[in-house]
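Next come the chains, spelled out residue by residue.
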2 protein chains.
Amino acid sequence: MAIATPQGYRALGETTVAAFLARLPEIRDRLGGEPAAWRVREVGDGNLNLVFLVEGPEGSVCVKQALPYVRLVGESWPLGLERARFEWEALLVEHRLAPGRVPEPLHFDETLYAIVMERLAPHIIMRKGMIAATVYPNFAEQIAEFMANTLYFTSDLGMPAAQKKKLLERFAPNVELCKITEDLIFTDPYMEHERNRWTSPQLDDAARAIREDLPLKQAVALLKLKFLCEAQALVHGDLHTGSIMVTATDTRVIDPEFAFLGPIGFDVGKLMGNLLMSCASQPGHERRPGERADYQAWILRTLQELWNGFEQRFLELWRRHPEGDAFPRAHFLGPEGERALEAARRRYMRQLFEDSLGYAGTSMIRRTLGLAHNADMETIADPDRRAACERRNLALARELIVEARQFADIAAVADRARIVLAG
Amino acid sequence: MAIATPQGYRALGETTVAAFLARLPEIRDRLGGEPAAWRVREVGDGNLNLVFLVEGPEGSVCVKQALPYVRLVGESWPLGLERARFEWEALLVEHRLAPGRVPEPLHFDETLYAIVMERLAPHIIMRKGMIAATVYPNFAEQIAEFMANTLYFTSDLGMPAAQKKKLLERFAPNVELCKITEDLIFTDPYMEHERNRWTSPQLDDAARAIREDLPLKQAVALLKLKFLCEAQALVHGDLHTGSIMVTATDTRVIDPEFAFLGPIGFDVGKLMGNLLMSCASQPGHERRPGERADYQAWILRTLQELWNGFEQRFLELWRRHPEGDAFPRAHFLGPEGERALEAARRRYMRQLFEDSLGYAGTSMIRRTLGLAHNADMETIADPDRRAACERRNLALARELIVEARQFADIAAVADRARIVLAG
């Protein structure tokens, strides 16, 4: 291997995974039978890592191993193995705060930078389900619960400063993965850069308009600044429909390797942006006009339920568990004090809402004009049809970023999306 | 000693300091002669540490050693020795970014938690000079330079994220000293607490009014929240006139043990608040009415020069050294881009201005109603005269916090101070 790696590290292969797991008694028990009988498949379709599914007679596990480079690009783009440890530690926090909403963490190997965790089955990546127009009736509620629990209890509202600063210290070194976000989301799409690509020539004018849009770039600069310095809570850092696995009734969040102390709106907004982008893509998947109208309506209802559910749960946690050091309870005693505190809570949530809209917009732009694109759009084979969807997506994204303060509530966002994204 | 300390740690005394320094060749050379001839005096008048001045035939040094408890209170309030290391590292950063504005760092002893640094002479603590109505014509310019340089170059405007996150990791564990600020500045004065004290009974009504002032407490809660989670730059953390030593022409900043990644306005505002509080105290020191009017006018001119100088230098650094990752230069090319960026810079400075006014106000309140008071006021022997000054100080402080957005500029603050603080 051209890239230097720590002593003992080696990339696992389908033939070596079983030997690795056989040395772990709890995992061995879980799988059952003899290691030689375990079935191993490498299924990593992400950009960065190896992922193995291992099935034994009695159970199965998933093994995720970091590679010392970006898998999507190759060894020319090295990437530190330490990210696996950040992922493991974030997974433990999420598992504690939102049990049942992440795969159960089973083991971390310090030498191989490999995480062993529950294998999710029959879950699929939610993005694939949405391309197939699958409705997930429990998704909004379950993901709202995940976001509210993980974000509230790692914020200064729900966690004492002494604990929160330990998280800050622990995740501050996750510099490389933050830098990927800083560059690919907040920087490259708004300038000429060799990593950018878009449906060309159809969107050449739209890409140029965005590069020349100074009010947009001013607003994006503020979102980037907030990403760089607002340590609001331990965020997942990459919460989109490709980091969520679902069944008809269950929702699980995976892949928290981008975790760091950042703005709450970054998680909420990235997910909202991915829902809106899926909505924008739906006309491109229609075999006859209007075929996906009901599904688009479901997405926009889900968007509203997601925000409203998140807000309601977050506020409820704040009222019931004011265990952080912000907003000292002793300052807001009695009915008048409670009213004043509730007003402060509402203003806090309003700011989160506007932040979320901004981050939603940046996600929608980067997946249209930047390096990494979404299968939602990429699977639309006809470039003219795809470009039409992407152009509407860009128009809505710009509004969310520049006009965030003008949206009265999430229903107003859904109303606007209905108009702008109409096929 | 009742409190457990690391192996090898012992509190230094006037008789043991020389032996400690004699083992350091560079310090020995600097002092000259034989250690037995060095003259040692313990002069710590702060709340937390031992401070020794050591004079030899050829030169002198200052030794500052952390005690494992709050000196002001005693062993009943333990405090970690690690703060000496945070102070040392912050001092190194400040010395690099603002050379000549801090004492020269000479040595850090890892076992004794002792800093050896340049002895400042004939400098005195600025607060003492201001109680004596001494004018410092260079102060505003020199402190503006210190603040602009240290704060700009450790912010996301002037420092790349990878470096800034190292500072974040390094200073996140400075939890105990941050907690002192969180409690004593942002929490205790706004509730009943045994640590609080004020000039009583004269200010009993004013203290109660502040405890019951919900709009004020809402605004203070936001300032506390920002202190808890906005990692804007490496702040000194305790920048008041008791942490500044001056001569007629020279300004030096000492004691950065509270350093952490926090809001820029906390440093600027704490200093502004201390200037305004000194201004408020001046009538209490008059032997005849109006005797200190000219000095009050100097303070308010200094306040304006300080803010204006800080703003101008900070903006100039931003224009010339955009070495951070925020506001990517490539997004704002050409004359139109530069105009848009300059507008963004102005909005950023306006936010810093409002933050600073808020933090100024919280400093003025905590030093009137909380645990630690200022000699500016405490040296006014007559409690009625003192209370009259303190009452005006509280009135202005509240306006700065609640009405920060209403002040057009620093001149408007000075105008208002002139009216509210008039004796």
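Calculation rules
- Residues numbered from 1 in each chain as written.
- Chains lettered and ligands numbered in written order.
- Predicted model: local features only at pLDDT ≥ 70, side-chain atom pairs only at ≥ 80, totals over all residues.
- Helix = DSSP H or I, 4+ residues; strand = E, 2+ residues; numbered from the N terminus.
- Rg over C-alpha atoms; globule rule 2.2 N^0.38 Å.
- Buried ≥ 20, exposed ≤ 12 C-beta atoms within 10 Å, placed from the backbone.
- Expected span 1.5 Å × (residues − 1).
- Pairing = 2+ DSSP bridges.
- Axes fitted to C-alpha atoms, helices over the stretch in contact; angles between N-to-C directions.
- Contact = placed C-beta atoms within 7 Å.
- Domains from an automatic or database assignment.
- Nonpolar A, V, L, I, M, F, W, Y, C, P; charged D, E, K, R; others polar.
- Least-squares fit on C-alpha atoms with pLDDT ≥ 70 in both.
- Core = buried A, V, L, I, M, F, W, Y, C linked by C-beta atoms within 7 Å.
- Parallel < 35°, antiparallel > 145°, perpendicular 65-115°, else oblique.
- Left-handed = near helix turned anticlockwise from the far one by under 90°.
- pLDDT = per-residue confidence, 0-100.

## Observations concerning the overall build of chain A
Then, in step 1: Looking only at helices and strands, one finds 15 helices and 12 strands in chain A.
Then, in step 2: Against the 2.2 N^0.38 benchmark of 22 Å for 423 residues, chain A shows a C-alpha radius of gyration of 22 Å, consistent with a compact globule.
Then, in step 3: Seen through its C-alpha atoms, chain A measures out along the principal axes to roughly 60 × 60 × 40 Å.
Then, in step 4: Out of the 423 residues in chain A, the part that is buried amounts to 51%.

## Thoughts on helix H9 (residues 214-229) of chain A
Residue and element names in this part refer to chain A.
Then, in step 1: Between its first and last C-alpha, H9 extends 23 Å over 16 residues, near the 22 Å set by a 1.5 Å rise per residue.
Then, in step 2: Within H9, 12 of the 16 residues are buried, which leaves the element mostly enclosed by the surrounding structure.
Then, in step 3: Looking at H9, one finds that the buried residues are Leu-216, Lys-217, Ala-219, Val-220, Ala-221, Leu-223, Lys-224, Leu-225, Lys-226, Phe-227, Leu-228 and Cys-229.

## What about the sheet that holds strand E2 (residues 49-55) of chain A?
Residue and element names in this part refer to chain A.
Then, in step 1: If you walk across this open sheet you meet the 5 strands as E1-E2-E3-E7-E6, and the pairing is antiparallel. If you trace the sheet from one side to the other, it starts and ends with strand E1 (39-42) and strand E6 (105-109), each paired once. The mean angle between the axes of side-by-side strands here comes to 20°, regardless of whether they run parallel or antiparallel.
Then, in step 2: Relative to strand E3 (residues 60-66), E2 is paired through 7 bridges, and the arrangement is antiparallel. Across the sheet, Phe-52 pairs through a bridge with Val-63, a residue of E3.
Then, in step 3: Taken strand by strand, helix H3 (residues 83-97) contacts E3, E6 and strand E7 (114-118), and its axis lies near 155° from that of E6.

## What to know about the domain arrangement of chain A
Residues and elements named next belong to chain A.
Then, in step 1: Annotation of chain A at the domain level lists domain 1 (17-118) and domain 2 (124-420).
Then, in step 2: Taking only C-alpha atoms, the centre of domain 1 and the centre of domain 2 are 27 Å apart.
Then, in step 3: Contacts between the two partners involve 16 residues from domain 1, matched on the other side by 21 residues from domain 2.
Then, in step 4: Split by residue class, the side of domain 1 that touches domain 2 holds 9 nonpolar, 2 polar and 5 charged.

## A closer look at the relation of the copies chain A and chain B
Then, in step 1: Once turned by 180° and shifted 0.0 Å along the axis, chain A lies on chain B with an RMSD of 0.0 Å. The two molecules are tied by a two-fold rotation axis, judged by turn and shift.
Then, in step 2: Taken together, the interface assignments show that 100% of the residues at the interface of chain A recur at the interface of chain B, consistent with an identical surface on both copies.

## A short note on the pairing of strand E2 (residues 49-55) of chain B
Then, in step 1: Strand direction decides the pairing type here: strand E1 (residues 39-42) of chain B and E2 of chain B, joined by 4 bridges, are antiparallel. Each residue of the ladder has a partner; that of Arg-39 of chain B, found in E2 of chain B, is Glu-55 of chain B.

## Topic: the environment of Phe-20 of chain A
Residues and elements named next belong to chain A.
Then, in step 1: Among the secondary structure elements, Phe-20 is positioned in helix H1 (residues 17-22).
Then, in step 2: The exposure class of Phe-20 is buried, given the 20 C-beta atoms found within 10 Å.
Then, in step 3: The spatial distance from the C-alpha of Phe-20 to the C-alpha of Phe-227 is 38 Å, given a sequence separation of 207 residues.

## A few points about the interface of chain A and chain B
Then, in step 1: Each partner contributes to the interface: chain A provides 37 residues, whereas chain B provides 37 residues.
Then, in step 2: Within the residue set of the side of chain A that touches chain B, elements represented by two or more residues are helix H6 (161-171), helix H7 (175-184), H9 and helix H12 (334-369) of chain A.
Then, in step 3: Here the residues of the side of chain A that touches chain B are counted per class, giving 22 nonpolar, 5 polar and 10 charged.

## Looking at the nonpolar core
Then, in step 1: Counting residues in each nonpolar core, the largest one holds 264 residues, and the members touching the most others are Leu-276 and Leu-303 of chain A together with Leu-276 and Leu-303 of chain B.
Then, in step 2: Once you skip the residues sitting within four places of it in the chain, Leu-276 of chain B turns out to touch Leu-303, Ala-360, Met-364, Leu-396 and Ala-417 of chain B.

## Here we look at the sheet that holds strand E6 (residues 105-109) of chain B
Residues and elements named next belong to chain B.
Then, in step 1: Taken in spatial order, the 5 strands make up an open sheet running E1-E2-E3-E7-E6, and their pairing is antiparallel. Each having just a single partner strand, E1 and E6 make up the two edges of the open sheet. Along the sheet, successive strands turn relative to each other by an average axial angle of 20°, direction set aside.
Then, in step 2: Those strands touched by helix H3 (residues 83-97) are strand E3 (60-66), E6 and strand E7 (114-118), and its axis lies near 155° from that of E6.

## Some thoughts on the pairing of E6 of chain A
All names here are of chain A.
Then, in step 1: Summarising the sheet, E6 and E7 pair through 4 bridges and their orientation is antiparallel. Bridge pairing in E7 places Asp-109 opposite Ala-114.
Then, in step 2: Counted between consecutive antiparallel strands, the loop separating E6 from E7 contains 4 residues, among which Tyr-113 sits at a positive phi close to 50°.

## Considerations on the packing of helix H11 (residues 293-320) of chain B against helix H15 (residues 410-420) of chain B
Residues and elements named next belong to chain B.
Then, in step 1: Here H11 crosses H15 at 160°, and the two axes come no closer than 9 Å. In terms of their interaxial angle, H11 and H15 are classed as roughly antiparallel. Crossing angle aside, the handedness with which H11 passes H15 is right-handed. Residue-level inspection shows Leu-300, Leu-303, Gln-304, Trp-307 and Asn-308 of H11 in contact with H15, the latter providing Ile-410, Ala-411, Ala-414, Ala-417 and Arg-418.
Then, in step 2: Counted by class, the contact of H11 with H15 contains 7 nonpolar, 2 polar and 1 charged residues.

## Considering the packing of helix H5 (residues 139-152) of chain B against H11 of chain B
Residue and element names in this part refer to chain B.
Then, in step 1: Two elements in contact, H5 and H11, have axes separated by 8 Å at closest approach and are oriented at 35°. Of the two elements, H5 crosses H11, and the hand of that crossing is right-handed. Residues Phe-139, Ala-140, Glu-141, Ile-143, Ala-144, Glu-145, Met-147, Ala-148 and Tyr-152 of H5 form the contact with H11, whose own contacting residues are Thr-302, Glu-305, Leu-306, Gly-309, Phe-310, Arg-313, Phe-314, Leu-317 and Trp-318.
Then, in step 2: Its residues assigned to classes, the contact of H5 with H11 shows 12 nonpolar, 2 polar and 4 charged.

## A look at the confidence of the model for chain A
Then, in step 1: Overall, the predicted model of chain A reaches an average pLDDT of 96, with 99% of residues at or above 70.
Then, in step 2: Across the whole predicted complex the pTM is 0.97, and at the interface the ipTM reaches 0.96.

## Brief notes about H11 of chain B
Then, in step 1: For H11 of chain B, with 28 residues, the first-to-last C-alpha span of 40 Å sits near the 40 Å given by 1.5 Å per residue.
Then, in step 2: Looking at H11 of chain B, one finds that the buried residues are Gln-296, Ile-299, Leu-300, Thr-302, Leu-303, Leu-306, Trp-307, Phe-310, Glu-311, Phe-314 and Trp-318 of chain B.

## Overview of unusual backbone geometry
Then, in step 1: With omega at 10°, the peptide bond leading from Ala-121 of chain A into Pro-122 of chain A counts as cis.
Then, in step 2: Within the secondary structure layout, Pro-122 of chain A lies in the loop between E7 and strand E8 (124-125).
Then, in step 3: The step from Ser-200 of chain A to Pro-201 of chain A runs through a cis peptide bond, and the omega angle for that step is 10°.
Then, in step 4: Mapped onto the fold, Pro-201 of chain A is located in the loop between H7 and helix H8 (204-211).
Then, in step 5: Despite not being glycine, Phe-327 of chain A shows a phi value in the positive range, around 50°.
Then, in step 6: Relative to the helices and strands, Phe-327 of chain A resides in the loop between helix H11 (293-320) and H12.
Then, in step 7: Even without being glycine, Asp-255 of chain B reaches a positive phi, approximately 65°.
Then, in step 8: For Asp-255 of chain B, the location among the structural elements is in the loop between strand E11 (251-253) and strand E12 (260-262).

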